[in-house]
Structures are given as C-alpha cells and as structure tokens.
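In case you want the letters, here they are:
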2 protein chains.
Amino acid sequence: MPNPRTNPNFMNGVPELLVLKLLAEREMYGYEVVQAVRRRTGETITLGEGVIYPVLHGLEREGALNSRRQTVNGRSRIYYSITAAGMRRLSDLTGSWTRLTMAIQDVVAGGKYVPTV
Amino acid sequence: MPNPRTNPNFMNGVPELLVLKLLAEREMYGYEVVQAVRRRTGETITLGEGVIYPVLHGLEREGALNSRRQTVNGRSRIYYSITAAGMRRLSDLTGSWTRLTMAIQDVVAGGKYVPTV
DNA sequence: CTTGCATACCTCGAACTGATTGGTATATAT
DNA sequence: ATATATACCAATCAGTTCGAGGTATGCAAG
C-alpha cells in the first residue's frame, strides 16, 4: 500500500504567508518587504531578495496581489497591495499553518504530564 | 552585498524533531513511529515510512539513537531509544523550532493592535 | 572624481528536504 | 489462494529555498 498522502510538502509556504500578511497590513515594495520580514521577526527570519521577489511575482500572477510602479528619488519602486483573492489565500494559509504548528506543539509539549494512569 | 544568511533552511528538521520527541517518551520501532506521528498529531501530519526510516538511520549514525533488534511473532523489529546526545539534539531542535514559530506567530497575529503611533 | 555603500530591481542554478514509489518478507484473516 | 496488515529498506522524483550573480541609481567619503 502506498503512503496515504495527507500532507504534500507540509512545512512550506511560510514565505508566502509572511508576505501576504505584511501586505495585508499595508502596501509595500519588494525591498521594503525584505527588511520588514527581518524587523518583524526580530532578526529571527531573514528572507533574501532571491526568495521575496519570486514570491511577489507568483502571487501577482495568481491574482493575489496588485502592483503599481512609482519612482521615488530617481529609484523605481514597485508597490504591491493585496487583493480580495489574496485575502482569502492569506486566510487559508493562516488556518493550515495554525493547525500544523498546533499539532506539532502538542507532540513537543506532550509527555510532560505523563498520563501514565 | 550578499544576503546575510541567518537561517539556512529555516523550516526544516520537523520530522527529526517529532521522531526524537516520541523516542524520548519511550522506545519504539520504526513502523510504530510512523503510526505514532499520525495518531499524536490527530491525523494532521502523516510521515510515511520513506521519511521515517531515513531519519531513524541518520539519527543513529549521528549517535542520537541506539537500536536493538528483536523478533516478535516471527517479525523482526528494530527498537530505537534516545541517547544523551539525542536528548541534547532534541533540546536544540525544540528551542529553535519554538523561537521560529513564535517569530512567525508574532507577524501573523500582529497588525491587530496597529501600533501606528 | 572615483570608490564604495545603500537602495532597488531581477534571474538562475545549486542544494537540500521530504514525497513517492517500489521492493522484500512474514503472519493472519477471508 | 488471496488479500491485508505488519515490518523493514532503498532510490529516485519533486518542490522550495538559498545563494550567487547581474543591472542601475543616488549619496557620502576620501
């Protein structure tokens, strides 16, 4: 019997989740997102541009984000904002992320109270 | 300037964490671990034999686990138990896992209180 | 004035996990 | 006799993220 495939790539999609969440709070441009991730996670997580930009492009292609171009101080920025579809996606990702970490947390925290009874 | 590489493969090592934790509670054999993961996570996470066995072998090779062979009902089982080194590894993994998920949780939960000030 | 650094965008291949598939073998139930 | 559950294992596939590259502008320091 093959494996019952309940969780294809169960730990992925975290960069996507973080990007969507940050853009749900306010419009940002790519380079700004890179730094926001670092700051907001207290330097715990650093996602480089090589991670953020592809995520941004992918989400836009799926219709989860809109972009608009703007030049500031001679530098061209691309501002991204979240769409209704993006909000739905964020909601889904947040749900599965929560379920997953709680399941793991249960195991990791378990065995302390030792329900040996 | 290259990316500051603070988190190489930041979301990995969860299978290893789960296996170590379960074996810290009690000695188990491979096939048993596969089912224990499913049960203990409320069917949320299913790690197939193709994931568990390599993890087991790797951990043993690193000295995090000991194994002993035993035949039960004509079937050969390999029981794994955690070593002192394994306990240290578990402690490390648990720590970084906790730090990581808390950092993400902060972002995901944030933006509600809107510290716009 | 040119060297360097921060900003700002981007792509592509390497590396690493974890997923899937397939294989062996025994016991038990149908 | 066949199928199912137990029990082990290896090897390749697939998907993500990482890292290193590349372009270009503005500003500050020497």
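An unreviewed UniProt entry annotates chain A as PadR family transcriptional regulator of Phyllobacterium phragmitis.

S.K.: How would you explain the sheet that holds strand β3 (residues 75–82) of chain B if you had to name every residue and give the values?
M.R.: All names here are of chain B. Read from one edge of the open sheet, three strands run β1-β3-β2, paired in antiparallel fashion. Unpaired on one side and paired on the other, β1 (28–29) and β2 (65–72) mark the two borders of the sheet. Here two bridges tie β1 to β3, and the two strands are oriented antiparallel to one another. From the neighbouring strand, Tyr29 faces β3, where its bridge partner is Tyr79. Running at roughly 95° to β3, helix α1 (residues 14–25) makes contact with β1, β2 and β3 of the sheet. On the sheet, helix α3 (residues 49–61) packs against β2 and β3 and is oriented at approximately 125° with respect to β2.

S.K.: Describe the interface of chain B and chain A, listing the residues and the values that go with them.
M.R.: Chain B puts 35 residues into the contact, and the matching count from chain A is 35 residues. Between chain B and chain A, the buried area comes to about 3000 Å², and carbon and sulfur atoms account for 69% of it. The tally of links between chain B and chain A comes to zero salt bridges. Taken together, chain B and chain A are joined by two residue pairs in polar contact (both at pLDDT 80 or more). In terms of residue count, the dominant contributor to the side of chain B that touches chain A is helix α4 (residues 84–109) of chain B (eleven residues). Within the side of chain B that touches chain A, the residues separate by chemical class into 16 nonpolar, twelve polar and seven charged.

S.K.: Describe the pattern of salt bridges, listing the residues and the values that go with them.
M.R.: Here the idea is simple: oppositely charged side chains can pair when their charged atoms come close. Applying the stated criterion to the full structure yields ten salt bridges over all chains. Between Glu32(B) and Arg26(B) there is a salt bridge, with its nearest N and O atoms 2.8 Å apart. Since its relative accessible area comes to 17%, Glu32(B) is described here as buried. By relative accessible area, which is 46% here, Arg26(B) ends up partly exposed. When salt bridges with common partners are traced through the structure, they connect Glu16(A), Glu62(A) and Arg89(A) into a single cluster.

Criteria and cut-off values
- Residues numbered from 1 in each chain as written.
- Chains lettered and ligands numbered in written order.
- Predicted model: local features only at pLDDT ≥ 70, side-chain atom pairs only at ≥ 80, totals over all residues.
- Heavy atoms only, no water.
- Pairing = 2+ DSSP bridges.
- Helix = DSSP H or I, 4+ residues; strand = E, 2+ residues; numbered from the N terminus.
- Contact = heavy atoms within 4.5 Å.
- Axes fitted to C-alpha atoms, helices over the stretch in contact; angles between N-to-C directions.
- Buried area = accessible area lost by both parts, 1.4 Å probe.
- Salt bridge = Lys/Arg side-chain N within 4 Å of Asp/Glu carboxyl O.
- Polar contact = N/O pair within 3.5 Å; in protein donor to acceptor, adjacent residues only side chain to side chain.
- Nonpolar A, V, L, I, M, F, W, Y, C, P; charged D, E, K, R; others polar.
- Buried < 20%, exposed > 50% of the residue type's maximum accessible area, 1.4 Å probe, protein only.

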